[in-house]
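Here are the chains, one letter per residue:
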Amino acid sequence: ALWAGVVDAAREQGAELICFAGDILRDDAGLPSPGNIIYDLVNLEMVDGLVSWASSLGGSLEREGIVAFHRRYHPLPMVSITLPMPGIPTVSIDSYQGMMDIINHLIEFHGHRRLAFIRGPEGHYYAQERYRAYDDALEAHGIPLDPKLVTMPGDFVPAAGAAGMRLLLDERRLRPQVDFEAVVTVSDLPALGALQE
């Protein structure tokens, strides 16, 4: 949906788009992806500006590393999608309120009180905002946070959702509809992995 919006806006303005479809800057082991050589093709002669989905680029890289990566493209005009960076305008998403609405719905409409949560990357702003909303929504409804229902931090990939389900079901031996009534994930891709698992 974000990419479609960028395409529509570019079309309305008569701008041409080039999509540099690389990978995350660092994987969970801290290694760069070989496919990221494509980011070296971005230069002042080729493009007039950049729109970066900065929050999706980071992987295991800390925020300062993501900021440093974007500095290499200075002085190109840039817009960041979802990750605030100094001197770069940001299109942000209200992850906190979105997750708060989801948790409130599960509690108020469906009557669920035992909600498992599959977390996202620990250093990722939006993942932390979604986890904070989960915690705050439970507290607002007088439901204590049960650490057994929360996974370790993961990533925005299907494998993280599958790993989260294995942790809850196999390692912690929690029983669906007994120990937890619903599973909430940090994002859609981990949700797909959780469903498949």
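In case you missed it, the structure is sitting above this.
Bear in mind that the values here come from a model prediction, so they are computed numbers and not experimental data. (Residues numbered from 1 in each chain as written. Predicted model: local features only at pLDDT ≥ 70, side-chain atom pairs only at ≥ 80, totals over all residues. Heavy atoms only, no water.)

Draft legend 1. Highlighting the pattern of salt bridges. Counted under the stated rule, the structure contains eight salt bridges. When the shortest N-O distance is used, the salt bridge between Asp8 and Arg11 registers 3.4 Å. Remark: Arg11 and Asp8 occur in helix H1 (residues 2–13); sequence separation between them is three residues, near one turn of the helix. Classification of Asp8 by relative accessible area gives partly exposed; the value is 39%. Classification of Arg11 by relative accessible area gives exposed; the value is 59%. We note a salt bridge from Asp146 to Arg114, for which the minimum N-O separation is 3.1 Å. Within this pair, whereas Asp146 is found in the loop between helix H5 (125–140) and helix H6 (158–171), its partner Arg114 is found in the loop between helix H4 (95–108) and strand S4 (115–118), the two being separated by 32 residues in sequence. By relative accessible area, Arg114 is classed as partly exposed at 30%. Through salt bridges with shared partners, one network takes in Glu129, Arg132 and Asp136. (Salt bridge = Lys/Arg side-chain N within 4 Å of Asp/Glu carboxyl O. Helix = DSSP H or I, 4+ residues; strand = E, 2+ residues; numbered from the N terminus. Buried < 20%, exposed > 50% of the residue type's maximum accessible area, 1.4 Å probe, protein only.)

Draft legend 2. Quick peek at the sheet that holds strand S1 (residues 50–52). In spatial order, the strands read S1-S2-S3; together these three strands make up an open sheet with parallel pairing. The outermost strands of the open sheet, each flanked by one partner alone, are S1 and strand S3 (90–91). (Pairing = 2+ DSSP bridges.)

Draft legend 3. Structural context of the environment of His141. Mapped onto the fold, His141 is located in the loop between H5 and H6. For His141, a relative accessible area of 24% puts it in the partly exposed group. Residues His141 and Cys19, 122 residues apart in the sequence, show an inter-C-alpha distance of 44 Å. For His141, the residues in contact, after removing those within four places along its chain, are Asn104, Ile107, Glu108 and Arg113. A distance of 2.9 Å separates a polar side-chain atom of His141 from the backbone oxygen of Ala137. (Contact = heavy atoms within 4.5 Å. Polar contact = N/O pair within 3.5 Å; in protein donor to acceptor, adjacent residues only side chain to side chain.)

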